[in-house]
Amino acid sequence: MRSSIIAGALALTFALTAIAGPIPKDSAAKCDKACTMDYKPICAQFKGGKKETFSNSCALSVYQCENPKEVVTTSASGTCDAPAEKKCDIACTMDYNPVCAQFDGGKKQTFGNSCSLSVYQCQHPEEVLATSSKGSCDAVVAEEPKESKLAAEITQPIETEAKSCNKACILLYDPVCAKFESGHNATFGNSCQLSVYQCENPRDKVAVTTKGSCAAL
């Protein structure tokens, strides 16, 4: 009688074990970790090449706990489908060979050399380069005044295809300053050259003429 009771108890134990499954050990890992809902994506790459995006580092930890056979090889901030970050850490030499860059919008900036400009463009893709030239942006190139350029051209012997104005003038330098009605001034080598100019440019009427260079007045 006693042996039949023991046999029945053992049979019941085996039946319950088959239904409920193996009893978890105390050392079994517990993965029921509470994670916050903040979205700070992490891209995890597993052994074998698989990639997966997790909402945050906590979610990745839970996944690793639940899937210990999937080994993470690398992880990085951001989603797995995000474009790779452009690297702008270009090593430039320290030689000073200035370049003036002008960007869309009118902004000008001087860079130590063309390499420094390239790094800046890489780091600031939103700033579109319009033009660039050698030298510092604050280097001012002195330009000859327009009046002196015009005077230099006029004081040269005048040649014209127009027969009516083809007057031969001597090369004697006896300057004349002509003030035109349009407002500009010009120095002529002598009065003869002024006459030829007036013949060739009848619409450019002279208001006043005085002896000497316009610059001296």
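Residues numbered from 1 in each chain as written. Predicted model: local features only at pLDDT ≥ 70, side-chain atom pairs only at ≥ 80, totals over all residues. Heavy atoms only, no water.

- An unreviewed UniProt entry lists the protein chain under the name Kazal-like domain-containing protein, from Mortierella alpina.

**Some thoughts on the state of the cysteines**
Right, on to step 1. Using the criterion set out here, one finds seven disulfides in the structure.
Right, on to step 2. Two residues share a disulfide in this structure: C31 and C65, whose sulfurs sit 1.9 Å from each other. The disulfide joining C31 to C65 has a torsion of about -75 degrees about its S-S bond and is therefore left-handed. Taken together, the residues C31 in the loop between α1 (2-20) and β1 (42-46) and C65 in helix α2 (residues 57-66) connect sequence positions 34 residues apart.
Right, on to step 3. Disulfide partner of C35: C58, at an S-S distance of 1.8 Å. Since a negative S-S torsion denotes a left-handed disulfide, the C35-C58 link at about -75 degrees is left-handed. With a gap of 23 residues between them, C35 in the loop between α1 and β1 and C58 in helix α2 connect regions that are remote in the sequence.
Right, on to step 4. Overall, C35 belongs to the partly exposed group, its relative accessible area being 29%.
Right, on to step 5. Of the residues examined, C58 reaches a relative accessible area of 14% and is grouped as buried. (Disulfide = S-S within 2.5 Å. Helix = DSSP H or I, 4+ residues; strand = E, 2+ residues; numbered from the N terminus. Buried < 20%, exposed > 50% of the residue type's maximum accessible area, 1.4 Å probe, protein only.)

**A short note on the nonpolar core**
Right, on to step 1. With seven residues, the main nonpolar core is built from V176, A178, F180, A186, F188, L194 and Y197.
Right, on to step 2. Among the elements of the structure, β7 (176-180), β8 (185-188) and α5 (191-200) are those that each provide at least two residues to this core.
Right, on to step 3. Among the elements that take part in this core, β7 stands out by supplying three residues, more than any other. (Core = buried A, V, L, I, M, F, W, Y, C linked by side-chain atoms within 4.5 Å.)

**Description of the sheet that holds strand β4 (residues 99-103)**
Right, on to step 1. Here three strands make up an open sheet; going across it, the order is β5-β4-β6 and the pairing antiparallel. Each having just a single partner strand, β5 (108-111) and β6 (129-134) make up the two edges of the open sheet. Strand-to-strand twist of the sheet, defined as the mean angle between neighbouring strand axes without regard to direction, takes the value 25 degrees.
Right, on to step 2. When β4 meets β5, the two strands line up antiparallel, connected through four bridges. If you follow Q102 over to β5, its bridge partner there is K108.
Right, on to step 3. Relative to the sheet, helix α3 (residues 114-123) contacts β4, β5 and β6, its axis offset from that of β4 by approximately 25 degrees. (Pairing = 2+ DSSP bridges. Axes fitted to C-alpha atoms, helices over the stretch in contact; angles between N-to-C directions. Contact = heavy atoms within 4.5 Å.)

**Some details on the pairing of β8**
Right, on to step 1. Alignment of β7 against β8, held across four bridges, turns out to be antiparallel. Opposite C177, over in β8, you have T187 as the bridge partner.
Right, on to step 2. In this structure, the hairpin formed by β7 and β8 is closed by a connection of four residues, where G183 is found at a positive phi of approximately 110 degrees.

**A short note on the pairing of β4**
Right, on to step 1. Within β4, four of the five residues are buried, which leaves the element mostly enclosed by the surrounding structure.
Right, on to step 2. Turn length for the β4-β5 hairpin, with the two strands adjacent in sequence and antiparallel, is four residues, and the turn residue G105 shows positive phi of about 105 degrees.

**With respect to the pattern of salt bridges**
Right, on to step 1. Tallying each qualifying case throughout the model produces three salt bridges.
Right, on to step 2. Between K50 and E52 there is a salt bridge, and its shortest N-O distance comes to 3.4 Å.
Right, on to step 3. For K50, the salt bridge is made with E70, and the minimal N-O distance between the two is 3.0 Å. Separated by 20 residues along the polypeptide, K50 in the loop between β1 and β2 (51-54) and E70 in the loop between α2 and β3 (72-77) bring together distant segments of the chain.
Right, on to step 4. Residues joined by salt bridges that share partners form a network here, namely K50, E52 and E70. (Salt bridge = Lys/Arg side-chain N within 4 Å of Asp/Glu carboxyl O.)

**Description of the packing of aromatic side chains**
Right, on to step 1. The tally for this structure, following the rule as stated, stands at eight aromatic pairs.
Right, on to step 2. Summarising the aromatic geometry, the rings of F103 and Y120 are spaced 5.8 Å apart at their centres and angled 50 degrees between planes, so their arrangement reads as tilted. With a gap of 17 residues between them, F103 in strand β4 and Y120 in helix α3 connect regions that are remote in the sequence.
Right, on to step 3. The rings of F46, F54 and Y63 are connected pair by pair, giving a single aromatic cluster. (Phe/Tyr/Trp six-rings, centres within 6.5 Å; stacked < 30°, edge-to-face > 60°.)

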